[in-house]
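# Coordinates in review
Chain by chain, the residues run as shown.
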Amino acid sequence: MSRNKRLSILTAAEIEDLYGVPSFNESYQRFYFTLNDKERAELARIRQRKYRCIAIALLGYFKCKPILLNPTFKSMRDDLEFIAQNHFDGLKFRRFSLKSDQKSRIYERIFSMIDYENWKDPEHHPRLVEHLLVCAESWVAARALFDAAIEFLAHQKIAIPAYSTLQKIVSQVVNQHQQRLHEKIGAACSPKLTAILNTLVSGGDQLTLTQLRGSARNFTGTELQKELAVYHHIQPLMAEVTAVLDSLSLSQKNQQHYAERIHYYGAKIKRQSPENQCLYLLCYLQFRYQEGLERMAEGFIHHVRQVKQRAHQLAQDRVYRDWQKAATNVSKAAEILRLFVDDRIDPNTSFHSVQKQAFQVLNASELSSVCRYLGNQKQSADEAFWQHLDTESTLRTGLLRSLFCCLRIDGTDKTQRLAAVLSQARQELAAGNMLGDVSIDRRLPPKATRPLLLKSDGGIDKARYEWFLYLQIPSRLNGQLVLPEVIRYRALDDDLVKPQTWKNQKQALVEGTKQPKITEDPKQLIPRMTDQLATRLHEVSDYLERLDNRDIILRPKGGKHLWRLPAAGKKHLVNNPFFQQMRAIGVADVLRVVDQDTGFIDDFEHVLGMTSKSRQYEVDLLAILIANATNQGIYGIAQISDRTYDQLSTIQANYLRLETLNAANDRINNATTRLSIFNHYNIQDDNLHASADGQKFEAKRETFRTRYSSKYFGTSKGVSAISLNANHMAINGRHQRILLMVLRFTTAQLSAVKSFGFLMLVWARSTV
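Calculation notes
Residues numbered from 1 in each chain as written. Predicted model: local features only at pLDDT ≥ 70, side-chain atom pairs only at ≥ 80, totals over all residues. Heavy atoms only, no water. Helix = DSSP H or I, 4+ residues; strand = E, 2+ residues; numbered from the N terminus. Buried < 20%, exposed > 50% of the residue type's maximum accessible area, 1.4 Å probe, protein only. Contact = heavy atoms within 4.5 Å. Areas by Shrake-Rupley, 256 points an atom, 1.4 Å probe, with all protein chains shown as cover. Expected span 1.5 Å × (residues − 1). Arc of directions from axis to C-beta. Phe/Tyr/Trp six-rings, centres within 6.5 Å; stacked < 30°, edge-to-face > 60°. Lys NZ or Arg CZ within 6 Å of the ring centre and 35° of its normal. Salt bridge = Lys/Arg side-chain N within 4 Å of Asp/Glu carboxyl O. pLDDT = per-residue confidence, 0-100. Axes fitted to C-alpha atoms, helices over the stretch in contact; angles between N-to-C directions. Left-handed = near helix turned anticlockwise from the far one by under 90°. Nonpolar A, V, L, I, M, F, W, Y, C, P; charged D, E, K, R; others polar. Disulfide = S-S within 2.5 Å. Patch = residues over 30% accessible without salt bridge, like charges linked within 9 Å, V, L, I, M, F, W, Y side chains within 5 Å. Polar contact = N/O pair within 3.5 Å; in protein donor to acceptor, adjacent residues only side chain to side chain.

With that out of the way, let us pick up the overall build of the protein. When helices and strands are tallied, the protein shows 32 helices and 9 strands. Burial status across the protein gives 40% buried among its 768 residues. Sequence separation of at least 24 residues holds for 71% of the intrachain contacts in the protein that already meet a minimum separation of 6. Within the structure as shown, the protein displays about 45,300 Å² of accessible surface, and the carbon and sulfur contribution to it stands at 51%.

Let's shift gears to helix H12 (residues 221-234). Counted at 1.5 Å a residue, the expected span for H12 with its 14 residues is 20 Å, and the 20 Å between its end C-alpha atoms agrees. Residues of H12 that are buried: Glu 223, Leu 224, Glu 227, Leu 228, Val 230, Tyr 231 and Ile 234. One side of H12 holds all its buried residues, which, seen down the axis, span an arc of 165 degrees. For H12, the exposed residues set more than 90 degrees away from the buried face come down to Thr 222 and His 232.

Evaluation of the coordinates by the stated rule reveals 29 aromatic pairs. Taking the centre distance of 6.0 Å and the plane angle of 25 degrees together, the rings of Tyr 258 and Tyr 280 count as stacked. Of this pair, Tyr 258 sits in helix H14 (residues 252-265) while Tyr 280 sits in helix H15 (residues 274-328); the two residues are 22 residues apart in sequence, bridging distant segments of the chain. With respect to class, Tyr 258 is no different from Tyr 280; both count as buried. Taken together, the ring pairs connect Phe 24, Tyr 28, Phe 31, Tyr 32, Phe 33, Tyr 61 and Phe 82 into an aromatic cluster. One cation-aromatic arrangement involves Lys 253 over Trp 139; the distance from NZ or CZ to the ring centre is 4.7 Å. The ring centre of Tyr 712 lies 4.5 Å from the NZ or CZ of Lys 696, which sits over that ring.

For the rest of this paragraph, the subject is the pattern of salt bridges. Considering all chains together, one arrives at 30 salt bridges under this definition. Glu 223 serves as the salt-bridge partner of Lys 226, at 3.4 Å between the closest nitrogen and oxygen. One end of the pair, Lys 226, and the other, Glu 223, are both in helix H12, 3 residues apart, so they sit about a helical turn from each other. Using a relative accessible area of 6% as the deciding quantity, one classes Glu 223 as buried. Between Asp 620 and Arg 643 there is a salt bridge; the shortest N-O distance is 3.2 Å. Remark: Arg 643 occurs in the loop between helix H28 (633-639) and helix H29 (645-655) and Asp 620 occurs in helix H27 (residues 618-629); sequence separation between them is 23 residues. On the basis of relative accessibility, which here comes to 8%, the residue Asp 620 falls in the buried class.

Although it is not a glycine, Lys 157 sits at a positive phi angle of roughly 55 degrees. Mapped onto the elements of the fold, Lys 157 is located in the loop between helix H8 (142-156) and helix H9 (163-188). Residue Ser 249 is not a glycine yet carries a positive backbone phi of 55 degrees. Here Ser 249 lies in the loop between helix H13 (238-248) and H14.

Let us look at the confidence of the model for the protein. Taken over all residues, the pLDDT of the protein has a mean of 81, while the share at 70 or more is 85%. Ignoring residues within four places in sequence, the model shows residues 733-768, a span with pLDDT below 50, making 98 contacts including any to other chains.

Orientation of H12 relative to helix H20 (residues 393-406), taken along the N-to-C sense of each, is 35 degrees, at an axis distance of 11 Å. Here the hand of the crossing between H12 and H20 comes out left-handed. When H12 is examined against H20, the residues Gly 221, Leu 224, Gln 225, Leu 228, Tyr 231 and His 232 are found in contact with a partner set consisting of Leu 399, Ser 402, Leu 403 and Cys 406. Residue composition of the contact of H12 with H20, by class: 6 nonpolar, 4 polar and no charged.

The next subject is the state of the cysteines. Applying the stated criterion across every chain, the model contains 0 disulfides. In this structure Cys 283 is not part of a disulfide, and its nearest cysteine sulfur, from Cys 278, lies 9.5 Å away. Just so you know, Cys 405 is unpaired, no disulfide at all, and the nearest cysteine sulfur is the one on Cys 406, 6.8 Å from it.

So, on to a nonpolar patch on the surface. Residues Val 497, Trp 502 and Leu 509 make up a contiguous nonpolar surface patch of about 250 Å² in total accessible area. Position of Val 497 relative to the elements: it lies in the loop between strand E2 (481-482) and helix H23 (499-512). With relative accessibility at 44%, the residue Val 497 sits in the partly exposed group.

This part takes up helix H26 (residues 587-598). With 12 residues, H26 ought to run about 16 Å at 1.5 Å a step, and its terminal C-alpha atoms sit 16 Å apart, in line with that. Among the residues of H26, Leu 591, Val 594, Asp 595 and Thr 598 are the ones counted as buried. Taken down its axis, H26 places every buried residue within 100 degrees of arc, on the same side. Away from its buried face by more than 90 degrees, H26 exposes Gln 596 and Asp 597. A positive backbone phi angle near 70 degrees is found at Gly 599, which sits one or two residues after H26.

Moving on, we get to the side chain of Glu 42. You can see Glu 42 is positioned in helix H3 (residues 37-43). For Glu 42, a relative accessible area of 17% gives the class buried. One polar contact links Glu 42 to Arg 109, side chain to side chain, over a distance of 3.3 Å. Excluding its chain neighbours within four sequence positions, the residues that come into contact with Glu 42 are Arg 109, Ser 112 and Met 113.

Structure representation (structure tokens):
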């Protein structure tokens, strides 16, 4: 495959960082170039010391990243000097080069020492391609497949091949995946739809690809009109587009990935093959259609809420101003009342003439306001609210109606009538721009609202009824009404397995969950669990009634049971004076007592399987355990103790491994459960309580599994270890799960050491 046909997966800096010789500071050199006895014995078989130095360097590089490097003497010089100084008493040697056959023999020794194997294309290529094809069904992005390949190789303990090899494999997987999609598209896509897609790419359509890509930036009418234009253009195509995409069985991530290709290539989409153009456009049309509907729904909700809030505010202001104005017009009302006692007015004068004189003092509206004031009756805020909505007719008949006609609304069991009216109104408004009599249901408005929707002749004011329908939508999108075409507001059932799929594959899907309760018959499971819950609630209530719970104080008052937590007394303080009477004991002494009763140190076996009854390493091993459990590290404890770093690093490399920590933890856990005080830590009798939590650890070394998390690590990378505690004890480290763990064993080992340190304190507390 030519170079220009390979996918560009990594940047030049990333390639250099991955395949280049790692740059170690002194701390990294101490970590990676420390040998255990097995490694030292294997490398001692190399005759010349300079090649032995190179072997140690290559072993350290491979521990850092499992890649076969071809380093130059210059790139290794600082590391070789460090190795010579620490392993060969300051060996001096001149510049030399390493032949390919010599490097191959060294790497063969490295593979045997750490149980890895070199990349073998005939054997490993098909396995990796098969694995990546499965991964591509979830996410076909080149970088995602590259990461999946690295994880697969790490899990299988296979050295990472050359970047060009991984490029070819990823390209092959992407091509095979896309070829399968091309064949399905060719069979499912009609010639008419294909022609429309080609016209869209060539720019001969009314709506260009640039206009299609331009979406609304805010909720203003101008921006929402862009979404309306796009919707009306692509909506007639969506039925067939959706059918074609359903036949492809694309995951949401893949559909999003192919849709993003349109934004990535832009006008350069013309350079892609016709098959890829069709695939990308189909996914993008679906994505753009859903995006447009969601923005139109958000725009509709925004404007309805804005006009509702504005109407309420203006209605309150109007009522207040009307009341204030009526108060100032009371003196003028007195002049009107004098007309009824004025002797100068002829008794035969018509009422209309008297009314005309009254209106010269106050007009009809002002006089009505004064009458309400004198009767202590304010103008209805609801009436003022609807009067303001009458002034918003431009918004109602323009933007809101256009958006409403684009949204398909369904109802639930309690809102079927409202949903039917909305659906009928949507059809009528879309057809004739007028609300028909069929879509008016007088039973929907509440009794207090119905008079406000009537005209003077007793008929329904269709403009206000349309406002009434619009106002029902935003507040009912909490599950009472759903928008099936908008992801954010669709029903929960739309995210579940399709009924036909569930009917045909129910047994396989249920068994695939590996959950026993899911496989049970719900008609038997739910009643049993309901009975268990009711029984448990009764037991807890009875338990509290007897005041057996020291952590809850019940105070019956007025027939009601109130409870509060007891205040912590002096005896519950952490620094209780009682503990001042006890002599302080060092952690190392506590560990020795634990070892006397459990013998956990015997579980730390040498990497070569050698046994010794003298236990010469015991003091150093205790120092290493304390150093790691307190997060000091052996380098930190070497600076504050009489133990040297070289001593501690050698002991740690030979004895401290994940399997030895697991064995020691098991022994301490088992011994702890046999203590008579152990049962006193039970929260409830005969019940084991457990909890899991995540610990975030910042990683000092760059690996393939570390990730950024600004919340926990700032600008650094790290991992998360999920720890499981049961009955106040840390369960063995092998039951913990390392999320985004460091490659190989570094973080798992660290987590187990921390768990081990916690177990020491728990055991010591239990034996006091």
